[in-house]
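Take a look at the letters that make up each chain.
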Amino acid sequence: MESMEINTVPVEETVIAPPKPVAKAVAPPDKHIWGIYIFLVLISIVELYSASSREVASSSMGVLGPVFRHLLMLVAGCCIMLGLQRIHYAKLMGWVHIFAFISAAMMVYVMVAGDVVNGARRSFSLLRITIQPSEFLKLAAVLVIAKYTARHMEANGGVRNSGIIFPAALVLMFGGLLIQQGMTNTILLMGISLSMMLISGIQIKKIAVVLGVYGVFAAMGMLYHIASDDKATPAPQEAQVEQVVASTGEPVEQSSGLFGRFGTWGSRLSRHFNPVPPYQQELNAKNRQEQYAYMAQANGGVFGVFPGNSRETARLPLAFSDYIYAIIIEDMGLIGGLFVIVLYLWLLGRAAAITFTTKHALPALLVLGLAVMIVFQALFHMAIVSGFFPVSGQPLPLISKGGTSILITSIAFGIMLSVSRFAARKKTAAEDSNALPEDMNAKNPSML
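A brief report on the enclosed structure follows. In this text, all values refer to a predicted model and were calculated from it rather than measured experimentally.

1. Description of the overall build of the protein
Scanning the protein from terminus to terminus reveals 16 helices and three strands. Relative to its 448 residues, the protein shows a buried fraction of 49%. Put simply, 73% of the contacts in the protein that link residues at least 6 apart link residues at least 24 apart. When the accessible area of the protein is evaluated, it comes to approximately 22100 Å², of which 66% is carbon and sulfur surface.

Dropping the structure here:
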């Protein structure tokens, strides 16, 4: 029997390639928010140069000194925004409590040993940078409200009491810290918190209770002031105020004690509701800011005098910060003023549009709450400058000079862009669900 030969064919080894890593579903940052940021920065650079004649006169760096310092803060703010937009917003939520605690601690320090600006302790210096904790408190309040509301939302809509009590108590505490600096920041903070409660779908009766509690605490503060008014240090005479204004170029509001600002608020309200029209009032030390702001807006007309040709910037105190909107109207006219308003309202509208594309409550509350914070502050600034609200110091977000305001606004923009990248697209919904903690996976109330 012949032997059978079996031909063996060598089999090539099959190499199985490792699976390719699945790319994370990350959408590009929202172009609308980026465009608004760029427009506001460009307006800020141009208008700060136009409104800085007072600083130019005292700057050792000449005409470009104030603009150069402002540019450094804008670059720092832009870097912060670029960094935050790459971080998932859920990772930032773990730092909310620490951020709120540090903000409150800075505010307490300012109340005790802060630098006195315009009659009240408002800031302190750190590495030659002026820090205003009031801006930190507003951002901290938005972040805390968003986190706790999302954590305590009910499945069928609405928010449990546990998600309302703590944020409301925090707002009252922050409002108490801010009230020494001025009523505007306190009102602004409470308005932001109430708006976020409406956004989250909290029942109207619960919002009414919170509003009533806010009113009770405000009334208690007023009663305390009335009871301690006799012990307050008397305000300086009009001649002394005029002398200080003549030497510094800026009106000085005096305060005495913790509630000494009540006298200042009363004086401002009295001037605001004066039945005599502003154009018929005599110019004096107390109404100098308002009068020069009105003159600047009247001089601007419809089309403006073009940036750099402002007439009132040399006379208007705080033209580069609390009254920069008056210089914007003088430079670019009614058209330019309306364009700035549209930019802020566009931001609010875009945030609302992003809200309707998110699956969960936390990103929806974050993006819309931060937009409300920025837009409310901008509208307050414009209303004060135009004479619709009583006089109070409030910067125009991302346009007014002020390092703290620029940095906080840039942080807010960065978080909004983070939401637009990780939560505002259908293809990112599954990954976003996995990134969020289980206790903050509540559905977007606008989708219920």
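2. Concerning the packing of helix H5 (residues 96-113) against helix H6 (residues 133-151)
Their axes nearest at 9 Å, the elements H5 and H6 cross at an angle of 150 degrees. Relative to H6, the element H5 lies roughly antiparallel. Like other packed secondary-structure pairs, H5 and H6 cross with a definite hand, here left-handed. Contact residues: Val 96, His 97, Phe 99, Ala 100, Ser 103, Ala 104, Met 106, Met 107 and Val 110 in H5; Pro 133, Ser 134, Phe 136, Leu 137, Leu 139, Ala 140, Leu 143, Val 144, Lys 147 and Tyr 148 in H6. Class assignment of the residues belonging to the contact of H5 with H6 gives a composition of 15 nonpolar, three polar and one charged.

3. Digging into the environment of Phe 217
Take Phe 217: it is sitting in helix H9 (residues 204-228). Distance from Phe 217 to Gly 176, taken between C-alpha atoms, is 9.1 Å for residues 41 residues apart in sequence.

4. Section: the packing of aromatic side chains
Given two aromatic rings, their pairing is described by the distance between the two centres and the angle made by the two planes. The full count for this structure, using the stated rule, is eight aromatic pairs. Seen from their ring centres, Tyr 148 and Phe 166 are 4.6 Å apart, and the 35 degrees between their planes marks the pair as tilted. Taken together, the residues Tyr 148 in helix H6 and Phe 166 in helix H7 (residues 162-178) connect sequence positions 18 residues apart. Aromatic ring contacts, followed pair by pair, group Trp 34, Tyr 37 and Phe 413 into a single cluster. When the ring centre of Phe 320 is taken as reference, the NZ or CZ atom of Lys 401 above it lies at 5.4 Å.

5. Section: H6
If you check H6, its first and last C-alpha atoms are 27 Å apart, about what 19 residues at 1.5 Å a residue would give, namely 27 Å. Within H6, 18 of the 19 residues are buried, which leaves it mostly tucked inside the rest of the structure.

6. Section: unusual backbone geometry
In this model, Phe 306 sits at a positive phi of 80 degrees, which is unusual for a non-glycine residue. Following the sequence through the fold, Phe 306 ends up in the loop between helix H12 (288-300) and helix H13 (324-355). The exposure class of Phe 306 is exposed, given its relative accessible area of 59%. One non-glycine residue, Leu 398, adopts positive backbone phi at about 70 degrees. In this structure, Leu 398 sits in the loop between helix H14 (361-386) and helix H15 (403-422).

7. Focus: the environment of Arg 421
Position of Arg 421 relative to the elements: it lies in helix H15. Along the backbone, Arg 421 and Gln 85 are 336 residues apart, and their C-alpha atoms lie at a distance of 7.6 Å. From its side chain, Arg 421 meets the backbone oxygen of Gln 85 in a polar contact 3.0 Å long.

8. A short note on the side chain of Lys 147
For Lys 147, the location among the structural elements is in helix H6. Among the polar contacts listed, one links the side chain of Lys 147 to the backbone oxygen of Met 93, at a separation of 3.0 Å.

9. Here we look at the environment of Met 106
Relative to the helices and strands, Met 106 is located in helix H5. Note: C-alpha distance between Met 106 and Ser 134 (28 residues apart in sequence) is 9.0 Å.

10. Section: the nonpolar core
For soluble globular proteins, nonpolar side chains are generally found buried alongside one another. Membership of the largest hydrophobic core comes to 110 residues, with the highest contact counts inside it found for Phe 174, Tyr 344 and Phe 413. With 16 residues, H14 is the single largest residue contributor to this core. Residues in contact with Phe 413, not counting those within four places in the same chain, are Ile 33, Ile 36, Tyr 37, Leu 40, Met 81, Leu 347, Ile 374 and Leu 398.

11. Things to note about the pattern of salt bridges
Tallying each qualifying case throughout the model produces four salt bridges. The closest approach of N and O atoms between Asp 30 and Arg 350, which form a salt bridge, is 2.7 Å. With Asp 30 in the segment before helix H1 (31-51) and Arg 350 in helix H13, the pair connects residues that are 320 residues apart, well separated along the chain. Accessibility expressed as a relative area gives 22% for Arg 350, which makes it partly exposed. For Lys 138, the salt bridge identified is with Glu 135, shortest N-O distance 3.4 Å. Taken together, the residues Lys 138 and Glu 135, both in helix H6 and three residues apart, mark about one turn of the helix. In terms of burial, Lys 138 and Glu 135 fall into one category: buried. A cluster of three or more residues bridged by salt bridges with shared partners is formed by Arg 311, Glu 312 and Arg 315.

12. Observations concerning the packing of H12 against H13
At a minimum axis distance of 7 Å, the contact between H12 and H13 shows a crossing angle of 15 degrees. Between H12 and H13, the crossing angle belongs to the class labelled roughly parallel. As H12 runs across H13, the sense of the crossing is left-handed. Counting all contacts with H12, which are made through Ala 293, Ala 296, Gln 297, Asn 299 and Gly 300, the residues of H13 involved are Ala 326, Ile 329, Glu 330 and Gly 333. Residues that form the contact of H12 with H13 fall into these classes: four nonpolar, four polar and one charged.

13. Looking at the state of the cysteines
Throughout this description, disulfide means a covalent bond between two cysteine sulfur atoms. Using the criterion set out here, one finds zero disulfides in the structure. The thiol of Cys 79 is not disulfide-bonded; the next cysteine sulfur, from Cys 78, is found 6.0 Å away.

About the cut-offs
- Residues numbered from 1 in each chain as written.
- Predicted model: local features only at pLDDT ≥ 70, side-chain atom pairs only at ≥ 80, totals over all residues.
- Heavy atoms only, no water.
- Helix = DSSP H or I, 4+ residues; strand = E, 2+ residues; numbered from the N terminus.
- Buried < 20%, exposed > 50% of the residue type's maximum accessible area, 1.4 Å probe, protein only.
- Contact = heavy atoms within 4.5 Å.
- Areas by Shrake-Rupley, 256 points an atom, 1.4 Å probe, with all protein chains shown as cover.
- Axes fitted to C-alpha atoms, helices over the stretch in contact; angles between N-to-C directions.
- Parallel < 35°, antiparallel > 145°, perpendicular 65-115°, else oblique.
- Left-handed = near helix turned anticlockwise from the far one by under 90°.
- Nonpolar A, V, L, I, M, F, W, Y, C, P; charged D, E, K, R; others polar.
- Phe/Tyr/Trp six-rings, centres within 6.5 Å; stacked < 30°, edge-to-face > 60°.
- Lys NZ or Arg CZ within 6 Å of the ring centre and 35° of its normal.
- Expected span 1.5 Å × (residues − 1).
- Polar contact = N/O pair within 3.5 Å; in protein donor to acceptor, adjacent residues only side chain to side chain.
- Core = buried A, V, L, I, M, F, W, Y, C linked by side-chain atoms within 4.5 Å.
- Salt bridge = Lys/Arg side-chain N within 4 Å of Asp/Glu carboxyl O.
- Disulfide = S-S within 2.5 Å.

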